[in-house]
Amino acid sequence: MKLFTLLLLTAMTAFGQEPKLDLVIKHAKVFNSRTGKLASNQTILVKDGIIVGVGSGSKGYPAHRVIDAGGKLVTPGFVDTHIHLTDVYRTHGPLPAHFSEDSVALYRKWLADDYLPFGVTCAMIMGQPESWLPPVLSWHHGENYPDVYTVGGALVSNQGRKPYINHVVVNSPWEAKQQVIAHYKLGLRHVKLYWKLRRGEFEAAFKTADSLGMRVYGHIDQHVMFIDSTLDIGLRNYEHILTLVNSVALNEADFNQDMQQYYRPGHGNGQVERLEMFRFVHDKNPAVLDSLIDKLGRHHATFSTSIHLMAEPFGLTYFSNQLDTTLSVAQVERCRENFKIFMGYVKQAFDKGIMLRIGTDWPNGGKAIVSEQLLLAEYGFSVAEILKISTMNGAVALGMDGEYGVIEKGRKADVLIWEKSPFDRYENFRSEKMIIKDGVVFENKN
């Protein structure tokens, strides 16, 4: 495929039929996100925002722009499978009920500023106000913005109180079915089921979405259903690897005693409690978590990462700005030890066959991705594994690997040219990158 395309273009040029390429990248060291291997001295040919050829050699091809990568690393653009517009826009002030017509461009730019300069070329919105759907669905993809897709509002059952703005309440299995159908008719092809969804509504929503060919994602907590019961229903895509510990039985009285021993009553930091749960299970009954991970691996489940948010309160991340200053020195150290235990389970899940995919679920998502990449490297993941998690795994989980996540003929020309390679030093995940979106070099004008 690769060599044939390049030979064909050479022949066309020789007979005077110049292929009107928009971009040629030559002397590239291309990362293959399928195999994890590098191929040197590659040439990438781009036309109308699509990769039309990839192969070895550096012959001249007429194009509007030629970039000599000079042997630098070239990877696909990053795919963030879990973002929220509310996270982005809250940093700019109160959240609007609707986007006014004269503000849509500004809101869209704020989103692009948080992601595209860091190499995120595709992202999935995992819950947003339904009133925001019309303008978001009208956003055309282009070289100055990441491609965004959405699940609409995440589905929840009636909880007897006002729902969070990212959620849609369904009061019965019939309503759950109708809501999924309504989203499908709007053009959505992905749906998110939240942990506040009762089993009846969950099954109705899942079966309806599945019958329509929609991708279904679930944030599953212990309050209503456990992960293994949703696996039996058919769910395979899960949000946040940190939720693993919520689906194993633990002695609540003993756990609450530990929390009271080490932290002040009612400590409001959810990351503290979640990490303490991993430690509790690890110390008291690790077999139950091992068994769940094994089952998820056998079912080829996928999980978004969301590990930056778990580490940030304790000063373990890069680009951190939300440290928990209420913790004592001893408490911070305990949380850091707990984070190490948590990351051990993240690596175990990956090694057991669970497909990890980048999903930041955090403000400043582009920076959070770089932070997650560095954290993964610190806890035993190879550079090739991290790049695959950041690119192809997300595209596969979103059902979009025909467009994103790999540098191949027919895929979108969303690629990154790295100034410094993380294969030389993993710290180079922080490297500057030339970002090419839809075959056009992104010019960051901020």
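This text follows the structure it describes.
Computed from a predicted model, the values in this text were never measured in an experiment.

On to the side chain of Thr-75. Residue placement: Thr-75 occurs in strand 5 (residues 73-76). Of note is the side chain of Thr-75, whose polar atom sits 3.0 Å from the side chain of Trp-418.

Let's shift gears to the sheet that holds strand 8 (residues 147-150). Pairing is parallel in the open sheet, where three strands are placed in the order 6-7-8. Of all strands in the sheet, those bounded by a partner on one side alone are strand 6 (78-83) and strand 8. Averaged over all adjacent pairs, the angle separating strand axes in this sheet is 15°, with direction ignored. Taken together, the four bridges between strand 6 and strand 7 (residues 120-125) define a ladder with parallel strand orientation. In the strand pairing of strand 7, Ile-83 is matched with Ile-125. Contacts from helix 13 (residues 365-378) reach strand 6 and strand 7, with the element oriented near 110° to strand 6.

What follows deals with helix 9 (residues 270-284). Under the 1.5 Å per step criterion, the end-to-end length of helix 9 is 21 Å for 15 residues, consistent within 8% with the ideal 21 Å. Regarding helix 9, the residues found buried are Gln-271, Val-272, Arg-274, Leu-275, Glu-276, Met-277, Phe-278, Arg-279, Phe-280 and Val-281. Packing partners of the buried residues in helix 9 comprise helix 8 (252-262), helix 10 (286-298), helix 11 (308-311) and helix 12 (329-351).

With that settled, consider the pairing of strand 16 (residues 415-418). Residue alternation in strand 16 divides its side chains into two sets, Val-415 and Ile-417 and Leu-416 and Trp-418, and both sets are buried. Alignment of strand 16 against strand 17 (residues 433-437), held across four bridges, turns out to be antiparallel. Across the sheet, Leu-416 pairs through a bridge with Ile-435, a residue of strand 17.

Before going further, it helps to examine the nonpolar core. If you look at the biggest cluster of nonpolar residues, it comprises 99 residues, and the most contacted ones within it are Tyr-89, Leu-296 and Phe-342. The dominant element in this core, judged by the number of residues it contributes, is helix 12, at ten residues. Ignoring anything within four residues of it in the chain, the contact list for Leu-296 reads Ile-227, Leu-231, Tyr-238, Leu-244, Ala-301, Phe-303 and Ile-354. Counting 17 residues, the second-largest nonpolar core is a separate cluster that includes Leu-23, Ala-28, Ala-413 and Ile-436.

A separate point is the pairing of strand 7. For strand 7, the tally of buried residues reaches six of six residues, placing the bulk of the element in the interior. Pairing between strand 7 and strand 8: four bridges, direction parallel. Pairing of Ala-123 across the sheet is with Val-148, part of strand 8.

Phi at Ser-306 takes a positive value of approximately 50°, unusual for a residue other than glycine. In this structure, Ser-306 sits in the loop between strand 14 (302-304) and helix 11. Judged by its relative accessible area of 0%, Ser-306 falls in the buried class. Positive phi, close to 55°, is recorded for Asp-438, a residue that is not glycine. Within the secondary structure, Asp-438 sits in the loop between strand 17 and strand 18 (440-441).

Below, the discussion takes up the environment of Ala-395. Structurally, Ala-395 is set in helix 15 (residues 392-397). In this structure, the C-alpha to C-alpha distance between Ala-395 and Leu-309, residues 86 residues apart in sequence, is 22 Å. Ignoring sequence-local partners within four residues, the contact set of Ala-395 consists of Val-79, Met-400, Asp-401, Tyr-404 and Gly-405.

Residue placement: Lys-196 occurs in the loop between strand 11 (190-193) and helix 6 (199-211). There is no salt bridge for the buried Lys-196, and the closest opposite charge comes from Asp-221, which lies 9.3 Å off by N-O distance. Excluding anything up to four places from it in sequence, Lys-196 contacts Val-156, Ser-157, Gln-159, Arg-161 and Val-224.

Two numbers describe how helix 5 (residues 173-186) lies on helix 6: the axes approach to 8 Å, and their chain directions differ by 30°. When the axis of helix 5 is compared with that of helix 6, the two are roughly parallel. The handedness of the crossing between helix 5 and helix 6 is right-handed. From helix 5, Pro-173, Ala-176, Lys-177, Val-180 and Ile-181 reach across to helix 6, where they touch Gly-200, Glu-201, Ala-204, Ala-205, Thr-208 and Ala-209. Of the residues assigned to the contact of helix 5 with helix 6, the class counts are seven nonpolar, two polar and two charged.

Moving on: the environment of Glu-443. Positionally, Glu-443 belongs in the segment after strand 18. Accessibility expressed as a relative area gives 48% for Glu-443, which makes it partly exposed. For the pair Glu-443 and Glu-143, spaced 300 residues apart in sequence, the C-alpha to C-alpha distance is 9.7 Å.

Rules used throughout
Residues numbered from 1 in each chain as written. Predicted model: local features only at pLDDT ≥ 70, side-chain atom pairs only at ≥ 80, totals over all residues. Heavy atoms only, no water. Helix = DSSP H or I, 4+ residues; strand = E, 2+ residues; numbered from the N terminus. Polar contact = N/O pair within 3.5 Å; in protein donor to acceptor, adjacent residues only side chain to side chain. Pairing = 2+ DSSP bridges. Axes fitted to C-alpha atoms, helices over the stretch in contact; angles between N-to-C directions. Contact = heavy atoms within 4.5 Å. Expected span 1.5 Å × (residues − 1). Buried < 20%, exposed > 50% of the residue type's maximum accessible area, 1.4 Å probe, protein only. Core = buried A, V, L, I, M, F, W, Y, C linked by side-chain atoms within 4.5 Å. Lys, Arg positive; Asp, Glu negative; His and termini not counted. Salt bridge = Lys/Arg side-chain N within 4 Å of Asp/Glu carboxyl O. Parallel < 35°, antiparallel > 145°, perpendicular 65-115°, else oblique. Left-handed = near helix turned anticlockwise from the far one by under 90°. Nonpolar A, V, L, I, M, F, W, Y, C, P; charged D, E, K, R; others polar.

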